[in-house]
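# Examining the three-dimensional arrangement
What follows is the residue order along each chain.
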Amino acid sequence: MTYDLIIVGAGPGGAMAARKAARDGLKVLILEKNKEIGTITRFCSRLLRLGSGGFSSDKPVTDIKMDRATCTIEVGPPGEHVVHMNTLPADASFAYRGELAPCFNETWMSPGGAGFDRDPNGRQIEGFVVDKEELIRGMVGDAAGAGCDIRPGTKCVGIEDTGDGVRVTVKSELGEEVLQARRAIVSDGSFSPLLDQMGFNDDRPKGIGRIKFMSYILDRCDPPFKEMRRLRCTYPSLHTGFINSGPWPPGLWEISCSAPVTNPVKLPDVLNAFLANSAFSYMFEGAKIVGKQACNMDLRPPVWEAARGNVICVGDNAAFAETAIKGAIACGYRAAEATSKALDAKDGNGFYNEYWTHAFNFFSPQYNKRSRRLPPIPTVLTDGETDTLFRWFTDQEIYGVPADILPDNRERLAADLPEIAAKFFGGAKNTGDRQAA
Ligand SMILES: Cc1cc2nc3c(=O)[nH]c(=O)nc-3n(C[C@H](O)[C@H](O)[C@H](O)COP(=O)(O)OP(=O)(O)OC[C@H]3O[C@@H](n4cnc5c(N)ncnc54)[C@H](O)[C@@H]3O)c2cc1C
């Protein structure tokens, strides 16, 4: 059978692409290498952030026009929620039947317990931690309901653009076979060999570093908040990166940390020390580790032209994790629209490439400059200095993310805490040890 569209990968990007394309009447097949749809093998903190804040800076970009995805969640009775994609047409809204863990804020915490919030209004929900497997299963289920064929347990090993269509080579329990379609959407996530094979990465700048991540999922934690929040624990004597922590539905808790792969630190050692022997250990007395996840991520600038010939790249494979779940969903939707246009003899690739280059902050030189200019706090301060700085932020009623609030308050900081200010602005070097979303 010749399909209109073959989609490679049933992550958030591919799932939305399949749903949109099938509902628009295309003959669609989605391939997923895992045996079950909605099996997540790459670590992800699963926070569906509601605002338009970026990876490390919340300031709006002003040097280029942005079409960055934002979403809201219409909370219904258990299992009957709707995710609205605000920057997309209404048919992009989709039902979500999983659990939701609201995060009312994000708080940077020092070893001594001083903390400052990202948002001044702690009553405003920052985002929801979702069950990503269920989110994907819901969208793929909608696609199936609209006639999309689904092949789990089927890995795509090659895509050839023949000019009048694509030949997609797959491997499954049935062996190797070649499938045909008029177009392909590739949504296979980070480190895509398919993009390499097809030459999409040839003119892409190399990464500025590779980061390793590790997380534990914990049961029986006792966080001391009435309203749940994510914590960015800043504990220089334990780790030169942030130790992140937050709710993980249903009723569990996640802790995670990261470091450049060039850093010999063993991330499990950091997490074990954080659990057993830190000022935050009281939250984890009696806690049980019920899951562990790890992954690597390249801080690599995006592919510039994500739609070429009969192929469109979506989400993490052509960008990096700033894409996030909502960004990948938006890419999937726009890629499906672009496919319909192309099949209708319109400039679908032009439509998608125009969207793509305005969809993420990392296309803004201003944003990239802003988010790289300071060293991360735990790489330059001691535990005691971190306490002092965080207490100062609280006393001054300063809210936001470090990449914004440190430079914005540089003069006040230099006047009140000159030694700490000098660590950031007095020639300290950026180690590139940046935290994930
Ligand atoms: C440490 C970390 C933390 C993160 N935390 C958050 C967060 O809190 N909130 C947030 O919104 N985002 C977060 N992200 C980002 C988010 O995980 C991704 O941006 C998002 O999942 C990208 O979706 P995608 O569909 O492009 O790719 P993926 O989610 O990676 O999905 C790709 C799919 O393709 C399949 N596949 C791969 N190769 C093939 C093949 N050859 N054939 C068939 N199938 C294939 C895979 O099995 C997978 O199902 C985080 C990322 C990292 C690294």
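Here, the structure is the one placed above.
Residues numbered from 1 in each chain as written. Predicted model: local features only at pLDDT ≥ 70, side-chain atom pairs only at ≥ 80, totals over all residues.

It is worth spelling out the sheet that holds strand S18 (residues 252-260) at this point. Taking strand neighbours across the sheet as the criterion, the 7 strands line up as S9-S8-S16-S17-S18-S15-S19 in an open arrangement whose pairing is mixed. The outermost strands of the open sheet, each flanked by one partner alone, are strand S9 (115-117) and strand S19 (288-298). Recorded for the sheet is a direction-independent mean angle of 20° between the axes of neighbouring strands. Pairing of strand S17 (residues 243-248) with S18 involves 6 bridges; the strand directions are antiparallel. Considered in S18, the bridge of Ser245 is made with Ile255. Against the sheet, helix H4 (residues 267-276) touches strand S15 (210-219), S17 and S18, its axis set at about 135° to S18. (Pairing = 2+ DSSP bridges. Helix = DSSP H or I, 4+ residues; strand = E, 2+ residues; numbered from the N terminus. Axes fitted to C-alpha atoms, helices over the stretch in contact; angles between N-to-C directions. Contact = placed C-beta atoms within 7 Å.)

Packed helices, taken two at a time, are described by the angle their axes make and the gap between the axes. Between helix H5 (residues 324-343) and helix H6 (residues 348-356), the shortest axis-to-axis distance is 7 Å and the interhelical angle comes to 160°. As the angle between them shows, H5 and H6 are arranged roughly antiparallel. The way H5 lies across H6 gives a crossing that is right-handed. Only Gly348, Asn349, Phe351, Tyr352 and Tyr355 of H6 make contact with H5, whose side of the interface consists of Arg334, Ala335, Ala338, Thr339, Lys341 and Ala342. Across the contact of H5 with H6, the residue classes tally to 6 nonpolar, 3 polar and 2 charged. (Parallel < 35°, antiparallel > 145°, perpendicular 65-115°, else oblique. Left-handed = near helix turned anticlockwise from the far one by under 90°. Nonpolar A, V, L, I, M, F, W, Y, C, P; charged D, E, K, R; others polar.)

The next thing to look at is the sheet that holds strand S4 (residues 71-74). An order of S4-S5-S6 is seen for the 3 strands of this open sheet, with the pairing classed as antiparallel. Only two strands of the sheet have a single partner each, and these edge strands are S4 and strand S6 (94-96). Pairs of neighbouring strands in the sheet enclose a mean axial angle of 30°, with direction left out of account. Bridge analysis of strand S5 (residues 81-85) against S6 gives 3 bridges, and the strand direction is antiparallel. Looking at the pairing, Val82 lines up with Ala95 of S6.

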